[in-house]
Amino acid sequence: MKRIGIIGAMDIEVKELISSMVDIKKETISSIDFYEGKLEGNNVVVAECGIGKVYAAVCAQTMILKYEPDLVINTGVAGSLSIDLDIADIVISDGVVQHDYDASPIGIPAGMISEINLIKLPCNEELVKKLVKAAEILKETNIAVGTIASGDQFICSKEKKDYIANTFDALCTEMEGAAIGHVCYINNVDFCIIRAISDRADGAAHMDFDTFVEIAVEKTIMLVNNFLKQESAL
Ligand code: SAH
């Protein structure tokens, strides 16, 4: 049976998944909590990584070396970069970019990752399709598939938001997904990021985030649970 890795940055993003797990074993490595066990009939390892790309990368690399997941899903919330995506809508990544990875002053395109020579790291198409199918359970929710942009910044200004949207053609922005994607890519592990919109990455984002983070997270939990149900039925 496959082992599915699930990473969330914040406690609120993973606590419901962890509380539904059985045969659970907890281990803390480099200050990150990993929970191994069963969820909806699948072997899973769920981790709460902390905020930002470094924690996310440490978590993904540790998870891959220690628990050998066949695929890694990063679940959580994000700021919308598209007028078509509002609070609690869902973005499923077909690829990830790091909007703060930038050597453009020396002639390298913004976001271009050294050694890999790609800006957008692609997700596994089959996995994306499965997650889109699982998202059908969400009623009255826009489901978009596209680029997710990550960086070590909480984006809350029109200027930065427009820069990320226009430079990378991204649908939403957050702080971990592309780091997890980068680690998975160099380890040859399938990955996908699912994010529910908690704010619009604009001047009101810091207030909207606090107000809407909970209802956004609920959507992602329903999606992840439904994906796991689909997987165990295979
Ligand atoms: N309250 C948290 C900090 C949250 S930072 C604490 O106390 O530690 C925001 C988190 O939500 C990050 O994990 C990021 O991935 C996501 N996020 C939501 N909206 C965002 C935005 N507008 N810009 C960047 N990240 C955002």
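Above this text is the structure in question.
Residues numbered from 1 in each chain as written. Predicted model: local features only at pLDDT ≥ 70, side-chain atom pairs only at ≥ 80, totals over all residues. Heavy atoms only, no water.

Q: Would you explain unusual backbone geometry in this entry?
A: Where the residue is not glycine, phi is negative for most of them; where a peptide bond is considered, it is trans in most cases. Its identity is not glycine, yet Asn117 carries a phi of approximately 60°, on the positive side. Along the chain, the position of Asn117 falls in the loop between β6 (90–98) and β7 (121–122). Phi is positive for Ala201, close to 55°, though the residue is something other than glycine. Relative to the elements of secondary structure, Ala201 occurs in the loop between β10 (190–199) and α6 (205–232). Of the residues examined, Ala201 reaches a relative accessible area of 1% and is grouped as buried. (Helix = DSSP H or I, 4+ residues; strand = E, 2+ residues; numbered from the N terminus. Buried < 20%, exposed > 50% of the residue type's maximum accessible area, 1.4 Å probe, protein only.)

Q: What is the right way to look at the environment of Val128 in this model?
A: Within the element layout of this structure, Val128 appears in helix α3 (residues 125–134). For Val128 and Ile194, which are 66 residues apart along the polypeptide, the C-alpha to C-alpha distance reads 9.5 Å. The residues contacting Val128, other than those within four sequence positions of it, are Ile92, Ser93, Asp94, Cys123, Val145 and Cys192. (Contact = heavy atoms within 4.5 Å.)

Q: What is the right way to read helix α2 (residues 53–67) from this model?
A: Side chains three or four residues apart in an α-helix point the same way, a direct result of the helix having 3.6 residues per turn. Along its 15 residues, α2 runs 20 Å from first to last C-alpha, staying within 8% of the 21 Å computed at 1.5 Å per residue. Of the positions making up α2, those classed as buried are Lys53, Ala56, Cys59, Ala60, Thr62, Met63, Ile64 and Tyr67. Directly after α2, the chain includes Glu68, whose backbone phi takes a positive value near 50°. (Expected span 1.5 Å × (residues − 1).)

Q: What is the right way to look at the site of the ligand in this model?
A: The full set close to the ligand counts 18 residues, and Ile155, Met175, Glu176, Arg195 and Asp199 are the nearest of them. Between the ligand and the protein, one listed contact pairs an oxygen atom with a side-chain N or O atom of Glu176 at 2.6 Å. Interatomic distance of 2.6 Å between a side-chain N/O atom of Asp199 and a nitrogen atom of the ligand. In isolation the ligand offers 570 Å² of accessible surface; the protein chains occlude 76% of this area. Looking at the shell around the ligand, the elements with two or more residues in it are β5 (71–80), β9 (170–174) and β10. Here the residues of the shell around the ligand sort into 10 nonpolar, four polar and four charged. (Near = heavy atom within 4 Å. Polar contact = N/O pair within 3.5 Å; in protein donor to acceptor, adjacent residues only side chain to side chain. Areas by Shrake-Rupley, 256 points an atom, 1.4 Å probe, with all protein chains shown as cover. Nonpolar A, V, L, I, M, F, W, Y, C, P; charged D, E, K, R; others polar.)

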